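Now for the letters of each chain:
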There are 2 protein chains.
Amino acid sequence: MPTIADVAKLAGLSRATVSRVINNHPYVSEEKKKLVREAMDALNFYPNSSAQKLRSQKTETIAVFVPLLTNPFFAYLLEGIDTVAHDYGYQLLVCQTRYDKEKELNFLRLLKTKQVDGIILTSIENNWEKIKNFTECGPIILCNEYDDQAKIPSVRLDQEYGGYIGTRHFIEKGYTKIAYCRGFCRDQFVSRISAEREVGYKRALSEFGLKNRKEWVFENVSDVESGRQVLRKILLLKDPPTAVFTGSDQVAAGIINEAATCGLRVPEDIAVIGFDNQPIAEITVPPITTIMQPMQEIGQQAGKLLMDVIEKKDQKDVEDILLSLHLIERAST
Amino acid sequence: MPTIADVAKLAGLSRATVSRVINNHPYVSEEKKKLVREAMDALNFYPNSSAQKLRSQKTETIAVFVPLLTNPFFAYLLEGIDTVAHDYGYQLLVCQTRYDKEKELNFLRLLKTKQVDGIILTSIENNWEKIKNFTECGPIILCNEYDDQAKIPSVRLDQEYGGYIGTRHFIEKGYTKIAYCRGFCRDQFVSRISAEREVGYKRALSEFGLKNRKEWVFENVSDVESGRQVLRKILLLKDPPTAVFTGSDQVAAGIINEAATCGLRVPEDIAVIGFDNQPIAEITVPPITTIMQPMQEIGQQAGKLLMDVIEKKDQKDVEDILLSLHLIERAST
DNA sequence: TTGAAAGCGATACCAA
DNA sequence: TTGGTATCGCTTTCAA
């Protein structure tokens, strides 16, 4: 592999001049510029990126933490982030935490070792105390998931409101036996998102005088298969709910699918509300009533936010971004 | 940020010794090792990754090119690759080409600038001639997509066979008017995968004395929405097909969904075969008969293959990997 | 077992 | 406008 020194020698110029041409600096005569270009072409030269990074102390790379790549919600988030990052000339390092504390902690070191210029967290696996230590090493922002103690820039949605309007929708439709599905939990640690939505769910229940029943709250429900399991569990209950509020359209699809398998009608025997408004929400039969989150936009805003923080890291006045949620009614309720 | 020199000074030792401790080299006395560790902790020291990369000429990072992150097939591929890469201690740089020649070419530079140790291509946008230039700069392997001229390690499946068994299945079920959906095409450039499957499709047709009709071949069909469009186009034909062979379960789901909207029954009015065996294949009503590809395994094998090539790059005897395809019958045919 | 010092490849300051 | 050279932070040979 040729280096800048080889190019300089071939062009009969100094390394400094070659570097200036690479970086489009002013004060290089057209004549020399041409010489350098020719030498670079002749040698098929490309600047070594590690050397550039070491010298400039910038990597033009960001890391995005997602729990699972195969969860469409995170795929859309990632897609949105990528759009913006790419526009700003940044590369994307994808870190799949698999809902694992240790993995998350290991990936956070990327910031300490200066392997990335910043991090976007789309989920949180550790107590904030642990993560907090890393916030001094470089910009970290939150997207989707959040934490009350986290004093860092974030893009979020009013999840409590989401839980509320979904539950209220059920009630207005006449359902009174409403179950709730929490997302993936490790240990006793429930994601804030899931917890906030549950607060909204309970608020709606109590507002309409319904009581909240423990046996109607399910845990670790995050994909199609776990949705199917929830339906099977419901069938075993003496007093089963007639409506289920879920944390994603994937889960809702699983419930609807299993309901058909078990000969139940949706929404007559069991009604379902999803979350996200993923494409699958229009594919199931019946299609899914859901709380729409602008997935790609959330990602884009997060990407933009991180770019802002990176480029003007002195200014602490970067504003949090709050996007809105709304209900889309389809035939599952 | 503290450097190795700071640690050395605090520990009262040389930089060399500190480096040895960082890299777990032998011949460092326990006593000094302890001193170094304490100094590192005291300073909260982490080695600068760009410096390490520059010095060692390795990045422990690989790039994976995918056309679109929101296409579940590629998400599963990526997930498989990530599993293996992570086990080997490699990071994943995700490059979304968006089916764009220029983007692909730009990303290939990552190899020239030594930003990654290797690349996995899951699709191909440029003529092989162009990509070939980069194969000398570092290991590139092919996964899923392929090219006859490409003499590089690859993980592939017999797509022609896939096209054949799907079409034959239709014929055996009594369908004679069978349409085919090509994948995404830019210019006149059809992906080899799509082309190979089409060869199998035609072979089955001619084997059973059916003729291949141009108006039953659709182009640029790669997601749910384009599947819906195909169904609408079919309805406009004077002599419409009664069965459609598609390139992915996403497309199949779109066709089935639009069929329902238009009041058509599947498979009575129109039968559909998908590809991949994605989770959605079991969610639609009816569920999708499909050609199963072991998506995650394809990714894992590709990851493994690239690791092999990187770690023993002298040996050219890395073998191509051929995985197998089979048909899963469900109610859409 | 430890240390001194030469590089890895590029950038940018200071002089000319 | 151009060049010499110190520097970014770490690894590794060679000598001690």
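Preceding this paragraph is the structure being described.
Residue indices begin from 1 for each chain and proceed along its sequence in written order. Working convention: letters from A go to chains and numbers from 1 go to ligands, in the order in which they are written. Residue-level local features of this predicted model are given only where pLDDT is at least 70; pairs of side-chain atoms are given and counted only at 80 or more, and the full residue set underlies all totals for whole chains, interfaces and linings. Processing note: side-chain calculations cover all non-hydrogen atoms of the structure and skip hydrogens and water entirely.

(A) Representation of the protein's contact with DNA strand C within the structure. Any residue with at least one heavy atom within 4 Å of a molecule or strand is counted as near it. Neighbouring residues of DNA strand C: 29 residues in total, closest Ile4(A), Arg55(A), Arg20(B), Tyr27(B) and Lys32(B). Sugar and phosphate atoms constitute 62% of the interface atoms of DNA strand C, taking the interface as everything within 4 Å of the protein. Polar contacts, as used here, are pairs of N or O atoms within 3.5 Å; protein pairs need one atom able to donate a hydrogen and one able to accept it. Residues neighboring in sequence count only if both atoms are side-chain atoms. Between Ser19(A) and DNA strand C, the recorded distance is 2.9 Å, taken from a side-chain N or O atom to a phosphate oxygen. Within the side chain of Arg20(B), one N or O atom sits 2.5 Å away from a base oxygen of DNA strand C. Residue classes follow a fixed rule: Ala, Val, Leu, Ile, Met, Phe, Trp, Tyr, Cys and Pro count as nonpolar, while Asp, Glu, Lys and Arg count as charged, and any other residue, Gly among them, counts as polar. A per-class count over the surface near DNA strand C returns twelve nonpolar, ten polar and seven charged.

(B) The sheet that holds strand 8 (residues 243–245) of chain A, seen in detail. Residue and element names in this part refer to chain A. Pairing between two strands requires that DSSP report at least two bridges joining them. Helix and strand assignments come from DSSP, with helices taken as H or I runs of at least 4 residues and strands as E runs of at least 2, each series counted from the N terminus. Taken together, six strands build an open sheet; the order of strands is 7-6-8-9-10-12 and the sheet is mixed. Edge positions in the open sheet fall to strand 7 (217–218) and strand 12 (326–328), since each of these has one partner strand only. As judged from the two bridges shared by strand 6 (residues 178–181) and strand 7, these two strands associate in the parallel manner. Paired with Cys181 across the strands is Phe218, a residue of strand 7. Sheet strands touched by helix 9 (residues 192–207): strand 6, strand 7 and strand 9 (271–276). Its angle to strand 6, the strand with the most contacts, is close to 170°. Residues are treated as being in contact if the distance between any of their heavy atoms lies within 4.5 Å. As a rule, the C-alpha atoms of each element are fitted with a line to give its axis, helices using only the stretch in contact, and angles between N-to-C directions run from 0 to 180 degrees.

(C) Representation of the interface of chain A and chain B within the structure. Each partner contributes to the interface: chain A provides 45 residues, whereas chain B provides 44 residues. Buried area counts how much accessible surface, traced with a 1.4 Å probe, disappears from two parts once they are put together, with both parts' losses summed. Contact with chain B buries surface across chain A, with Tyr46(A), Lys112(A) and Ile283(A) losing the most and accounting together for 14% of the total. Linking chain A with chain B are 15 residue pairs in polar contact (both at pLDDT 80 or more), by the criterion used here. For the side of chain A that touches chain B, the elements supplying multiple residues, two or more each, are helix 4 (49–56), helix 5 (72–87), strand 2 (91–96), helix 6 (101–112), helix 10 (224–236) and helix 11 (249–261) of chain A. With seven residues, helix 5 of chain A is the largest single contributor of residues to the side of chain A that touches chain B.

(D) Region of the structure containing the packing of aromatic side chains. All names here are of chain A. Any two of the Phe, Tyr and Trp rings considered here, Trp counted by its six-membered ring, make a pair once their centres fall within 6.5 Å; the pair's planes then place it as stacked at under 30 degrees, edge-to-face at over 60, or tilted in between. With the rule as written, the count across this model stands at 14 aromatic pairs over all chains. Here Phe73 and Phe74 contribute two aromatic rings whose centre-to-centre distance is 5.2 Å and whose plane-to-plane angle is 80°, an arrangement assigned as edge-to-face. Taken as a pair, Phe73 and Phe74 share a single burial class, namely buried. Through a chain of ring-to-ring contacts, three or more aromatic side chains come together here, namely Tyr180, Tyr201, Phe245 and Phe275. The ring centre of Tyr146 lies 4.2 Å from the NZ or CZ of Arg156, which sits over that ring. Only when the NZ of Lys or the CZ of Arg is both within 6 Å of the ring centre and within 35 degrees of the ring normal is a charge said to sit over the ring. Seen from the ring of Phe275, Arg197 lies directly overhead, with NZ or CZ sitting 3.4 Å from the centre. The cut-offs for exposure are 20% and 50% of the maximum accessible area for each residue type, with area from a 1.4 Å probe on protein chains only; residues under the lower value are buried, those over the upper are exposed, and the others partly exposed.

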